[in-house]
Amino acid sequence: MAQLKLILLDFDGTLVDTKDANAGAYIEALSEVGIAVDKQEYLDKYFGMRCIEFMRCVGLSNDDEIRAVRRRKIKLYPNYFHTVRLNTQLWEWCQMMRNMGAKVWIVSTGHIDNLRNVISYLNLSSGIDGIISGDDVERPKPNPDCFLEAMRREEVTPEESIIFEDSEVGVEAARRSGAAYSVIKL
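Residues numbered from 1 in each chain as written. Predicted model: local features only at pLDDT ≥ 70, side-chain atom pairs only at ≥ 80, totals over all residues. Heavy atoms only, no water.

Novice: Teacher, can you tell me more about helix α8 (residues 168-177) here?
Specialist: Each α-helix turn comprises 3.6 residues. Residues three or four places apart therefore point the same way. Turning to α8, its buried residues are G170, V171, A173, A174 and S177. Angular distribution of buried residues about the axis of α8 spans 160°; they occupy a single face of the element. Where α8 ends, the next residue or the one after it, G178, has phi of about 90°, a positive value. (Buried < 20%, exposed > 50% of the residue type's maximum accessible area, 1.4 Å probe, protein only. Helix = DSSP H or I, 4+ residues; strand = E, 2+ residues; numbered from the N terminus. Arc of directions from axis to C-beta.)

Novice: Explanation requested: helix α7 (residues 145-154) in the structure shown.
Specialist: Of all the residues in α7, the buried ones are C146, F147, E149, A150 and M151. Looking at the buried positions of α7, the neighbouring elements they touch are β1 (6-9), β4 (103-107), β5 (130-132), β6 (161-165) and α8. Positive phi shows up at E155, right after α7, with a value of about 55°. (Contact = heavy atoms within 4.5 Å.)

Novice: Hey, could you run me through the layout of surface pockets in this one?
Specialist: Vacant regions in the atomic arrangement are exposed by a probe of water-molecule size rolled over the atoms. Reported here for the largest pocket is a volume of approximately 760 Å³. As for the largest pocket, its lining consists of 38 residues, and the residues nearest its centre are D12, F47, G48, M49 and T109. Within the residue set of the lining of the largest pocket, elements represented by two or more residues are α1 (19-31), α2 (39-46), α3 (51-57), α4 (63-76), α6 (112-121) and α8. Of the residues belonging to the lining of the largest pocket, the class tally is 16 nonpolar, 10 polar and 12 charged. (1 Å grid on protein atoms, 1.4 Å probe; cavity = no way out; pocket = protein on both sides within 12 Å on 5 of 7 lines; lining within 4 Å. Points joined across faces, edges and corners; volume = space filled by probe spheres on them. Nonpolar A, V, L, I, M, F, W, Y, C, P; charged D, E, K, R; others polar.)

Novice: What's the story with the pairing of strand β7 (residues 180-183) in this structure? I'm lost.
Specialist: Here is the key point about a regular strand: its side chains alternate between the two faces of the sheet. Here β6 runs beside β7; their pairing, made up of 4 bridges, is parallel. In the sheet register, F164 faces β7, and the bridge partner there is S182. (Pairing = 2+ DSSP bridges.)

Novice: Sorry if this is basic, but what is going on with the environment of V118 here?
Specialist: Along the chain, V118 falls in helix α6. Under the relative-accessibility criterion, V118 is labelled buried at 0%. On a C-alpha basis, the gap between V118 and I74 in space is 11 Å, while along the polypeptide they are 44 residues apart. Once residues lying within four places of it in the same chain are set aside, the contact partners of V118 are F11, V16, Y77 and F81.

Novice: When you look at the sheet that holds β4 in this model, what are you seeing that I'm missing?
Specialist: By definition, the strands of a sheet pair up through backbone hydrogen bonds, in either a parallel or an antiparallel sense. The parallel open sheet is built from 5 strands, whose spatial order is β5-β4-β1-β6-β7. In this open sheet, the two strands that pair with only one neighbour each are β5 and β7. Taking the axes of each pair of neighbouring strands and ignoring which way they run, one obtains an average angle of 20° across the sheet. Direction of pairing for β1 relative to β4: parallel, over a ladder of 4 bridges. Within the sheet, the bridge partner assigned to L8 lies in β4 and is W105. (Axes fitted to C-alpha atoms, helices over the stretch in contact; angles between N-to-C directions.)

Novice: Please clarify how unusual backbone geometry should be interpreted in this entry.
Specialist: Note: most peptide bonds trans; most residues except glycine with negative phi. Residue P142 is bonded to the preceding K141 through a cis peptide linkage, with omega at 25°. Relative to the helices and strands, P142 is located in the loop between β5 and α7. With a phi angle near 55°, E155 is a residue other than glycine that sits in the positive phi range. Along the polypeptide, E155 turns up in the loop between α7 and β6. Since its relative accessible area comes to 72%, E155 is described here as exposed.

Okay, structure coming up:
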């Protein structure tokens, strides 16, 4: 077995429980444009979906309106950070492995501003070596492009990497990457 050199962490639902924060910010932003989505509906149907796809599912089709709601959600998101919860066991293991020479990357379909805001709020920045967001690749999960891009940037092989994921599309992307992976449920 190759030495572990790279740990790739999905963010929402794997490293950090952000369900309630995302739900609150989206529900508030959508209500401002007359779209009602309740928390359970969001959690059951839309959590983990890329923003643009989610917006289209709830009835927004105009790209300008989608961008406006997305910007509003990003502004509202910090108001709900009191509800986020770090997966402490996973984070501590990653930091132990980092101290032994492995790199730790966040690989998420989330928007970079949302990721950076939560990372800053939880004071995780110094423990992360890189971030691949949904904006960095053309083909989202279940395509493995996001994981392969992080491996490329760190110049490591799938055999030298491990991926932690929670969603079906994320697990499929991990499987397709050729790296070892573990399914996390918060």
